[in-house]
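Listed below are the residues making up each chain.
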Amino acid sequence: MRLDKYLKNSRLIKRRTIANEACDAGKVIVNGKVARASYDVKVNDVIEIQMGTRPVRVRVVAVAEHATKADAAEMYAVVNE
């Protein structure tokens, strides 16, 4: 699944267009490298989003094409490193 779509489905970013713009601006880092919106997300990838006052760092637990609001939080685990 594309990175921008994953960010939207997992509810880490509210809209796909905003996720796409964040990727283009270099604010999304996957496994230590700046990632494009077309990056193919895999399980165990570490995604860091640098929007707002502090970065959010998560590890991909599941990749689901469709997720309800309740299932969205189960798609990732917050990493504190």
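Placed above this text is the structure.
Note that this is a predicted model, so its numbers are computed, not measured.

What to know about the overall build of the protein
Then step 1. The helix and strand inventory of the protein stands at three helices and five strands.
Then step 2. From first element to last, N terminus to C terminus, the protein shows the α and β order α-α-β-β-β-β-α-β.
Then step 3. Relative to its length of 81 residues, the protein is compact, with a C-alpha radius of gyration of 11 Å against a globular reference of 12 Å.
Then step 4. Across the 81 residues in the protein, those meeting the buried criterion constitute 35%.
Then step 5. Excluding contacts between residues fewer than 6 apart, the proportion of contacts in the protein whose partners are at least 24 apart in sequence is 36%.

A closer look at the sheet that holds strand E1 (residues 28-30)
Then step 1. Here five strands make up an open sheet; going across it, the order is E2-E1-E3-E4-E5 and the pairing antiparallel. Two strands in the sheet have a free side with no partner beyond their single neighbour: strand E2 (33-34) and strand E5 (76-78).
Then step 2. Where E1 lies against strand E3 (residues 46-49), three bridges are found, and the strand directions are antiparallel. Its bridge partner being in E3, Val28 is matched across the sheet by Ile49.

Details of the pairing of strand E4 (residues 56-60)
Then step 1. The pairing of E3 with E4 spans four bridges and is antiparallel. Note that in E4 the partner of Val46 across the bridge is Arg59.
Then step 2. The loop that links E3 with its antiparallel partner E4 comprises six residues; one of these, Gly52, has a positive phi angle of about 90°.
Then step 3. As judged from the three bridges shared by E4 and E5, these two strands associate in the antiparallel manner. Pairing of Arg59 across the sheet is with Ala77, part of E5.

With respect to the nonpolar core
Then step 1. Membership of the largest hydrophobic core comes to 19 residues, with the highest contact counts inside it found for Leu3, Tyr6, Leu7, Ile13, Val28 and Ile47.
Then step 2. Those residues in contact with Ile13, other than ones at most four positions away along the chain, are Leu7, Lys8, Ile18, Ala19, Ala22, Ile49 and Met51.

Let's talk about the environment of Lys5
Then step 1. Along the polypeptide, Lys5 turns up in helix H1 (residues 3-9).
Then step 2. Excluding residues that lie within four positions of it along the chain, Lys5 makes contacts with Arg16 and Glu65.

Things to note about the pattern of salt bridges
Then step 1. For the structure shown, the criterion picks out four salt bridges.
Then step 2. The salt bridge involving Arg16 is made with Asp4; its shortest N-O contact spans 3.3 Å. In this pair, Arg16 sits in helix H2 (residues 16-24) while Asp4 sits in helix H1, placing the two residues 12 residues apart along the sequence.
Then step 3. Given a relative accessible area of 33%, Arg16 falls into the partly exposed group.
Then step 4. Judged by its relative accessible area of 1%, Asp4 is buried.
Then step 5. Across the pair Glu65 and Lys5 runs a salt bridge, and its minimum N-O distance is 2.5 Å. Within this pair, whereas Glu65 is found in the loop between E4 and helix H3 (69-72), its partner Lys5 is found in helix H1, the two being separated by 60 residues in sequence.
Then step 6. For Glu65, a relative accessible area of 43% gives the class partly exposed.
Then step 7. Salt bridges sharing common partners tie together Arg2, Asp4 and Arg16.

What counts as what
- Residues numbered from 1 in each chain as written.
- Predicted model: local features only at pLDDT ≥ 70, side-chain atom pairs only at ≥ 80, totals over all residues.
- Heavy atoms only, no water.
- Helix = DSSP H or I, 4+ residues; strand = E, 2+ residues; numbered from the N terminus.
- Rg over C-alpha atoms; globule rule 2.2 N^0.38 Å.
- Buried < 20%, exposed > 50% of the residue type's maximum accessible area, 1.4 Å probe, protein only.
- Contact = heavy atoms within 4.5 Å.
- Pairing = 2+ DSSP bridges.
- Core = buried A, V, L, I, M, F, W, Y, C linked by side-chain atoms within 4.5 Å.
- Salt bridge = Lys/Arg side-chain N within 4 Å of Asp/Glu carboxyl O.

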